[in-house]
Each structure stands twice: as structure tokens, then as C-alpha cells.
Amino acid sequence: MNLTDYISAAPEITLLGLICVVLIADLFVDDEHRVMTFWMSIAALALTAWSLVATAPIERVVVFDGSYVSDPLSQVLKLTAVGFVAIAFLYARDYLRANDLHKGEYYLLGLFGLLGMMIMTSANSLLTMYLGLETLALSLYALVAIDRNNATAAESAMKYFVLGAIASGALLYGISWIYGVTGTLKFDEIATAIAANPDLNSLPLWFGLAFLIVGIAFKFGAVPFHMWLPDVYEGARTPVTLYIASAPKLAALAFTLRILVDGLGGLQDVWADMIMVVAVLSLLVGNVIAIAQTNIKRMLGYSAIAHVGFILLAIFCGTDKGYAAALFYTLTYVVATAGAFGIVILLSRRGFEAENLADFKGLNARSPWFALMMMFLMLSLTGIPPFIGFLGKLNVIDAVLSSGYAGLAVLMVIASVVGAFYYLRVIWYMYFEPREDQAVLQASTDTRLVLSLNGVAVLALGIVPGWLWTLCTQIALSMR
Amino acid sequence: MDFSQSLLSILIWLPIAGGILLLVIGDDNDVNSSRSITMRVAALGITVLTFVFSIALYKWFDNATAAMQFVERASWIPALDVWYYLGVDGISAPLILLTTFITPLVVIAGWDTIKVRPAQYFAAFLILEGLMIGVFCALDGLLFYVFWEAMLVPMFLIIGVWGGEKRIYATLKFFLYTFLGSVLMLVAFIYLYGQTGSFDLFGFMNVPLGMTAQKLIFIAFLLAFAVKVPMWPVHTWLPDAHVEAPTGGSVILAAIMLKMGGYGFVRLSLPIVPDGSAYFSGFVITLSLIAVVYIGFVALMQKDMKKLIAYSSIAHMGFVTLGFFLFWSISSGTGAGLGMTGGMVQMVSHGLISGAMFLCVGVLYDRVHSRQIADYGGVANTMPKFAAFMVLFSMANAGLPGTSGFVGEFMVIIASFKANFWYAFLAGTTLVLGAAYTLWMVKRVLYGEVANDNVAALEDLNQREFIVLAVLAISVLLVGLWPAPLVDMMNATIEQLIQQVGQSKL
């Protein structure tokens, strides 16, 4: 180990150090001044972002004896994750304060979760990956239960924890099979071992692979391993849902790409079929069940399942175009979903969760601007041009079609039409129904500003998407 | 000042920017407050200005060439080879003029009848206008699709917010129907993009395609455009949407949005997949004739005026698709051009007439708040000026010579005679059916004794309504008596289109 190793891991080291500082400093902050913890966390995120930019590698660097990698993919995903965690903190602040939940834990667990995501994103070995995953998962379990007097939250935390533990077990079991067959845990060595000895590409390896896919499907919330997702989205307090729904999706993408492409790229024809089944099921189940929901958090949960179907179908193609499309889709999906939960938080106030679709009735009369923003976000999630969600879908369909799966492409667009209904219902409630809730929206100026930027971003990105697509293509090309 | 290089951009973005401006101005509940008046004057000013710019388009338009004019080309998404590529030819220019002509009339028609959130109402129409012009100008497949889909959103809101009782059902049905049709067109576009490497429509037209690919692409296009036109049997969204939409929404829907489907056929289906179109031409002709005859009978039975006009729209749009697809049934060259020109003229004419008919119903609805034919009777006694206009538009709707409705239908019927006697026979029934359902409605609504107190209390047209209907009446007569300028505009492009369609791409 030498200095390069530490420089490459500097962002994680910086973050960990700063978390310790915030952790200790938070002890000396009383509840009245808890906003100090918020600003310290934001400062920690800013410093982490700065160290990410400062240590940005020009090309792929593998350090710590091959268990850690720093490349364009990890840089972009980490920077975006830092950004979304900051946005989640900002949206959460007023809500937590209004609901007597404004403790340091939300921010600290959030930061620890971010550390886990960053480790996952940079993992080059199955064990590093597992460590990052568990750091993230444990933070999330605790975050879901942060409102300890709330029975629903506790129940969903329990459910999340138990199912998460089973998935982790499956993942570890799969890892041990892969290790047993190939004799290594490092992704590039696994790839080399499979390439060198084609005989390895047989049932024992596939058996291990199947368990890894279970882990991936669980983390993404893909059908049939999605059971936890709607309950957790609904049961957790909205700022926690926002956190779970945004940045961890990026880590899950890295998790999938590292394992399936970096490590097991040689088995593409084996995992492609499994991924396709999971993806198609997610697309159908997510879109159809979302129609029946009356709780917007739950609805967005099922919508997340459907969007994961798109991401996985892009990965299923097994081409650079597909990986670029998956990255593009995930990045843009997270922008829209963070904004949507931001609006849900905006409508909530002390003792009132705006979690039912009916709470959106007449939003246009209460606040035309935020109704417009919510409409932008919903249209982006539907995939209506010129919003960015459309280009995400376009790129995935393009990747699927150029791999020769016209039937899948048709299935995807028809699923989008089914999905359009429940997004349109939000617009319907906001615009076509009379106002029921007379309360004035309460939010501080910075939240309003960032939320507006978030809403406008899905339009602006949709109008100038070229740079993002170029970036995603370059990253996809740099992966191997 | 020479702004011909960016004329199309001005036509697209001026109304959209104007719509945003209206949202910024906003409104208050008082219709007569200075803010409300400023907002409405701005809306009218912007739409009129857009119309003035479109007159420049007409002035500078060169009838002699079939090439794209006023071309603008700039890179939009270089990574995907997507261009901001605009241009007009003889097919799109008349439709742009129609759009810019109808929109100010819609603004005037909604002047003080819209009480709820008028700023958003007018803004939606202005943004919609820009997007519709965008559809007619776009020469890049992706740009076309962006305008095509984005257009649904303002219309969704217009029907949903300002519509009638069952507006939510109607607007969701409208959105989902058209969305389902268009996504398959998107898949076809992406397939063609995979073949050519760009979304350039001319690239799509020149790329050779196998028969299976052509058939599948044609079906994808057909679904998108048939829903928009709408053709039987995917027309069921239209009566609902028309009945529930506010008057302005119905006018735009009938006058312009339905034309998107016809435009799509001539701009995309025919030149991109000529062999596929040839293969399915008999099928499309059959559907068109069913629309003309069967929907004509359906219209006869309607009790709701708006529904009646909606069904009559479907029947009249059947002529458009019939005219376009007669090409393959005609052996000699001249008739084919006649069919297509007829279809195009019918689109413009139907835009004027159906818009006018919906405005007439709107005039009555504003006063009595009923669209049921049975609630009226003897309106001519209390509203003589209105009755004169309505009779004129009804005659035009029935295809009376001298009105614009006659020209297009006559051309298509002549062309179908050259193809097959029975085509012409069935198409000809519209002259009877159209007259029957329109004039029977006129008889029941306008003539006879004054039916009830509501009708007795009716006031005749006010100045605002008079202007709108008079302008439309003049244009209906103008196109009917002297269609040459309109036909001249299209001729060169249609000749080129016929050559293009005649060449196999296999």
C-alpha cells in the first residue's frame, strides 16, 4: 500500500473523518440549535464533493491490492449521490423540525449511508462490495425506524431488516460459490479466470450467479423481490423515503454493473435471461399495481419498481449502449423522484402527512407554481417529451431495439402507457379537482428554491440532454 | 427587415413565449380588472402577431418548388445526431396558416366566457399553438415526436380544467388513446434511426426497407395517425373529448389536432413506407368508407349537437384518408394527384367548417347551457343573425357547391370514380347523409315555433361573436369559390410526393 491508494480513497476517508466530527459535535448541540448539525452535514458533503473533484482520476485506478477501484463511473455516481443526499437533507430539515424529529441521527445515518454507497460504487471485490452494502443497509434500517413512536414505521423497519438480512444471506451464499469456483473475490480476476478457463462457465458458477442476482433484485426492489419496497416507502417518514428513493438507486446501479459487467461479463448470455425475466416482471407488476394505489408514497414505490424494470432491461442488452442508457436512465429518474418526494414533503406540515393522493386535490389553486413543478416531474416520470424522462426511455428503447428485441421494445412502450394513467391522476387531482385543504404551504426560501430548480431541471435537462448522454456513453466505454 | 431565415422559429416560439408571459401576468377573479384585461389583450395580440408572421410565410412561399422552404437546421443533441431541423412545403404551409388563423378566433371566442383561471386557459392555447406549428415544421423525427407528444399536455389540461361534467373521463381517454398510438410510432422512429443513424426524415425516406419492416412500420404509423384522424374503429375518444371540451378546445381539436393524423400520413407513412402503404391501401380505404357511411348514420341519430358535429368530423376525415390512399387503386397518373389534393383541401376546409360549427354550438351553449337538440327549436326567430351564419356553415358541412366543403369532397369523389365505381358510390352517399344529419339538426334547432322560454329569451350575437363567425364565413366562401391559391400552394409538393410514393423501396 502506498500514497496513491490513500489518494484514490480520499473522498471516503474525508467523509468518514467528517462524520466523526459531526457525530461528536452533535453531542454538544441542543435541540433548539439542531440546525447546526444540518449545516455541518452540508459542509461535510461539500468537502466530500470537493475531494471527489480534486482526486478525480483520469483513467481507471485499482488500489488496495485490487479491492478498490476509482474510475469515471464511480466518480460520477459518487458526486451525484453526494448531491442527492444534500438535497434530501435540505428537503427533510423543515419537516423534521415541524414533527419533533429534528435529531442529529437523520443526518448522521444519512452520512453513514452515503459512505456505504461510496464504498459500493468503488468496490472491486465482492467482499468490499458486501461491506459497503451492509453499511448502507444498516443505516437505512435505522433511518426507517427513526420515528420510534410510530408503529407503522417500526413495522416497516422490521420488515425491511428481516428481508434485507435474507437477501444479504443469499448474496453471501452466492459470493461463496463464485469464490469456490473461480478462487478469487476480485472482479477483474474473476473475469480473467472465466476467460482463461471456459470450463468454469458451467452449473456451479451459474448457481452462484443466481444468488447474486437475487441480491441485485432485492437491492433494486425488482419483482419478485420487491415486497419490502412499497411497505418501506409508505411506512417510513417522507424524508426517509426520499433518501431511500434517490441516492441508493445509484449505488444499486453501480453494484449491478460492477458484478455483472466487470466481474461476470463473460457470463452475459447466462445472466441476461435471468435479468430479463426480473425486468419484464418489474415493468408489468410495478405499473399495474401502481394504478390501484391511493397513497402517493406507495404509488411512487410501485412506480420505482416499474422504472427499475427499464434500468434492468437496458443492462440486459449487454452492450455499451445499454449500460450508458441504464446510467442515463438512473441519473434522470433519481432527479425526478427526488423532486416528487420533495413536493410531498412540501405539502406536509406538523401532524399532517400529505401522503394520500387526495391531498393533492386543488394544488393548482393553492400554489400554481408548485403544481406546475409537480406536473413537470410527473410528466418526466411518464416519459412525455420534452422532459428528461422521455430521453431516458428513448435511449433504453434504442438500446433494446439495436440488440434486436423489437417485442421487448413494444412491451416497454405499452407498459409506459399503462403507467401514464397513475401519473396523470396526480395532475388530475392537482388541476381538475377543487381545493380541499385550506392550509398555506410552509417552506423556507432555500427549500422552495431548490425544489423549483429540481422541477425546472427535468425540463432543462430534457431540452439540453446532449452533454449528459455523451458523458454516460464515455463512462460506459471506460468500464472495461 | 429580413427574418425569413428564422420565420418558422418565430412562429413556433412566439406563442410559447407568449403563453409563459400570460402565466407570469396571471389573473384575478375580477374579469374587468386591469390585470385581466392586460392578460387578454396580450393573448390576442400575440396570436394576431403570430398570424401576421404567417402571412409573411404565405407571401414569401414559393409555389413553384417542391423543396423545403424556410429551412432552419442546427444541431440539437449531437450525441444522438438529432437536429433542430425545420422547413415547410406545400403540405405543411397551408396547415400552419390554418393554425395561426384559427387560434386568434379561439382567443376572441373565449374572451369573457372563461371565468375560471383565464390566464392559464389562454396560456394553454398559446403554448398549444406553438407546439402544433412545431409538428407541421419539424423535419427531424425526434423533434417531430417531441412536439407531437408535448401537444397532448395542454389539451389534456384544457379539457380537464375547463370542460363539462364528464371531463375527467373524457380527457384521460383522449390522452391515453393518443399516447398509446404515438408510442408505437416512437418505436418505429427508433428502428429507422437504427437503420439510418440519424432522425432526419429525409434519411428515413431514402433508406431501403424490406417488406416485413415496411409492413410493421406502417402498422405502427397507422395506429398513431388513425387514432388522431380518427378513423373507425379507434374514433371513440373523439365524441367524448369533443362533448366535454370547452368550446375553444373543441374548435382546436377539430380544426387542427385531427389534421395531425392526415398530415402524418402524407409526411411519414406514404413516403417512408411506400410499399407498406400500397399493401395496406385497400384496408385503409375500407376503413375510410366505413367511416364515411357508418359514422354518417351514427351522426344522424345523435341528440347532442356537439356529438353530432364530432361524428360528422369523423365522417369527413374519412374523405381525407380515402383521398390519400386511392393512389394505388388508380392506374392513370392524374387521378392520384386529384385524390391527394382533394384530401389536403378537405383537411383545410374541414378545419374551417368544423371550427365554425363548434363555435356556433358554443354561442348557444353560453346562453342556454345545454347542448341537447331537444332543448332548442325556433332559434331563428330570436337570433336571426346567428341563424344565418349557422345555416351557411351547415350547408358547407353538407358539401354545398360554392362553399369550401364542396371542393375537397368533390375532388376525392372524382378520384375514386377513376379507381372503382363502388368506392365512388359509397363515398357519394356522404352527400346525402351529410345533408341529412346537418340539415335535420338545423331544422330542429333553428326553425319551427319558439320551443321554450329559454329560446324566447335568447339574445342575438354580440359584436365579438359576430366578428369571429363573419371571418370564418368569409374564409369558407373564399376557399369554396376560389380554391386556386390553396391548390397552387400544394401542387408542386403533391406531384413530387406522387413520384416518391410510386417508387418502390424494396
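Residues numbered from 1 in each chain as written. Chains lettered and ligands numbered in written order. Predicted model: local features only at pLDDT ≥ 70, side-chain atom pairs only at ≥ 80, totals over all residues.

**Focus: the overall build of chain B**
Then, number 1: When you go through chain B residue by residue, the secondary structure sums to 21 helices and two strands.
Then, number 2: Taken against the 2.2 N^0.38 rule, which gives 23 Å for 506 residues, the C-alpha radius of gyration of chain B at 22 Å falls within 12% of a compact globule.
Then, number 3: Each of the three principal axes of chain B carries a C-alpha extent, and together these read 65 × 55 × 40 Å. (Helix = DSSP H or I, 4+ residues; strand = E, 2+ residues; numbered from the N terminus. Rg over C-alpha atoms; globule rule 2.2 N^0.38 Å.)

**Observations regarding the overall build of chain A**
Then, number 1: Looking only at helices and strands, chain A features 21 helices and two strands.
Then, number 2: A compact globule built from 480 residues should have a C-alpha radius of gyration of about 23 Å, and chain A, at 21 Å, falls within 12% of that.
Then, number 3: If one aligns the C-alpha atoms of chain A with their principal axes, the spans along those axes are about 70 × 55 × 40 Å.
Then, number 4: Expressed as a percentage of the 480 residues in chain A, the buried residues total 58%.
Then, number 5: Partitioning the intrachain contacts of chain A with sequence separation of at least 6 by distance along the chain shows that 80% fall at a separation of at least 24. (Buried ≥ 20, exposed ≤ 12 C-beta atoms within 10 Å, placed from the backbone. Contact = placed C-beta atoms within 7 Å.)

**Re helix α6 (residues 152-162) of chain B**
Then, number 1: Of all the 11 residues making up α6(B), 11 are buried; the element is thus mostly covered by neighbouring parts of the structure.
Then, number 2: Of all the residues in α6(B), the buried ones are B:L152, B:V153, B:P154, B:M155, B:F156, B:L157, B:I158, B:I159, B:G160, B:V161 and B:W162.

**What to know about the pairing of strand β2 (residues 82-88) of chain B**
Residues and elements named next belong to chain B.
Then, number 1: Counting buried positions along β2 gives five out of seven residues, so the element sits mostly inside the fold.
Then, number 2: Pairing analysis gives six bridges linking strand β1 (residues 69-77) to β2, with the strands arranged antiparallel. Its bridge partner being in β2, A74 is matched across the sheet by Y84.
Then, number 3: Here β1 folds back onto β2 in antiparallel fashion, the turn holding four residues, of which D81 has a positive phi close to 55 degrees. (Pairing = 2+ DSSP bridges.)

**A word on the interface of chain A and chain B**
Then, number 1: At the interface, 25 residues of chain A touch 27 residues of chain B.
Then, number 2: Counting only elements with at least two residues in the side of chain A that touches chain B, the list comes to α18 (388-402), α19 (406-432) and α21 (466-478) of chain A.
Then, number 3: Of the residues belonging to the side of chain A that touches chain B, the class tally is 19 nonpolar, five polar and one charged. (Nonpolar A, V, L, I, M, F, W, Y, C, P; charged D, E, K, R; others polar.)

**Some thoughts on the confidence of the model for chain B**
All names here are of chain B.
Then, number 1: Within chain B, residue pLDDT values average 87, and 98% of them lie at 70 or more.
Then, number 2: No element of chain B has a lower mean pLDDT than helix α19 (residues 453-456), which averages 79, and none a higher one than helix α5 (residues 141-150), which averages 92.
Then, number 3: Interface confidence for the predicted complex, given as ipTM, is 0.89, next to a pTM of 0.91. (pLDDT = per-residue confidence, 0-100.)

**Here's the deal with the packing of helix α4 (residues 72-98) of chain A against helix α5 (residues 104-122) of chain A**
Residue and element names in this part refer to chain A.
Then, number 1: Axis separation between α4 and α5 bottoms out at 10 Å; the angle between their running directions is 165 degrees. Classified by the angle between their axes, α4 and α5 sit roughly antiparallel to one another. The two elements α4 and α5 cross, and the hand of that crossing is right-handed. Between α4, through S74, L77, K78, A81, V82, V85, A88, F89, A92 and L96, and α5, the contact on the second element is made entirely by Y106, Y107, G110, L114, M117, M118, T121 and S122.
Then, number 2: Taken together, the residues of the contact of α4 with α5 break down into 13 nonpolar, four polar and one charged. (Axes fitted to C-alpha atoms, helices over the stretch in contact; angles between N-to-C directions. Parallel < 35°, antiparallel > 145°, perpendicular 65-115°, else oblique. Left-handed = near helix turned anticlockwise from the far one by under 90°.)

**Details of unusual backbone geometry**
Residues and elements named next belong to chain A.
Then, number 1: Cis rather than trans, the peptide bond between P385 and P386 has omega equal to 0 degrees.
Then, number 2: Tracing the backbone through its elements, the reader meets P386 in the loop between α17 (368-382) and α18.
Then, number 3: Residues other than glycine seldom take positive phi values, yet D65 does so here, at roughly 60 degrees.
Then, number 4: Structurally, D65 is set in the loop between β1 (61-63) and β2 (68-70).
Then, number 5: For D65, a count of 11 C-beta atoms within 10 Å puts it in the exposed group.

**A closer look at the nonpolar core**
Then, number 1: A:A81, A:A314, A:M374 and B:V187 are the most contacted members of the largest nonpolar core, which has 399 residues in total.
Then, number 2: Tallying contributions element by element places helix α15 (residues 320-347) of chain A first for this core, with 20 residues.
Then, number 3: When near neighbours in sequence (up to four residues on either side) are disregarded, A:A81 contacts A:L114, A:M117, A:M118, A:A247, A:L250 and A:A251. (Core = buried A, V, L, I, M, F, W, Y, C linked by C-beta atoms within 7 Å.)

**What to know about the environment of A:F187**
Residues and elements named next belong to chain A.
Then, number 1: Positionally, F187 belongs in helix α8 (residues 187-196).
Then, number 2: By the C-beta count within 10 Å, which is 26 here, F187 ends up buried.
Then, number 3: Sequence spacing of F187 and G389 is 202 residues, and the spatial spacing of their C-alpha atoms is 32 Å.

**Some remarks on the packing of helix α2 (residues 10-27) of chain A against helix α3 (residues 35-54) of chain A**
Residue and element names in this part refer to chain A.
Then, number 1: One can describe the packing of α2 onto α3 by two numbers: an axis separation of 9 Å at closest approach and a directional angle of 165 degrees. The angle between α2 and α3 places the two elements in the roughly antiparallel class. As α2 runs across α3, the sense of the crossing is right-handed. Of the residues in α3, those in contact with A10, P11, T14, L15, L18, I19, V22, A25 and D26 of α2 are T37, M40, S41, A44, L47, T48, S51 and L52.
Then, number 2: Of the residues that constitute the contact of α2 with α3, the class distribution is 11 nonpolar, five polar and one charged.

**A word on the environment of A:V82**
Residues and elements named next belong to chain A.
Then, number 1: Residue placement: V82 occurs in helix α4.
Then, number 2: When the 24 C-beta atoms within 10 Å are taken as the criterion, V82 is described as buried.
Then, number 3: Separated by 38 residues in sequence, V82 and A44 place their C-alpha atoms 9.9 Å apart.

**Description of helix α21 (residues 484-502) of chain B**
Then, number 1: Given a rise of 1.5 Å per residue, 19 residues ought to cover 27 Å, and the 26 Å separating the end C-alpha atoms of α21(B) matches this to within 8%.
Then, number 2: Of the residues making up α21(B), those classed as buried are B:L486, B:V487, B:M489, B:M490, B:T493, B:I494, B:L497 and B:V501. (Expected span 1.5 Å × (residues − 1).)

**Some words on the environment of A:S156**
All names here are of chain A.
Then, number 1: Along the chain, S156 falls in helix α7 (residues 151-182).
Then, number 2: The spatial distance from the C-alpha of S156 to the C-alpha of A336 is 24 Å, given a sequence separation of 180 residues.
Then, number 3: Each residue touching S156, except ones within four places of it in the same chain, is listed here: V144, D231, V232, G235 and A236.

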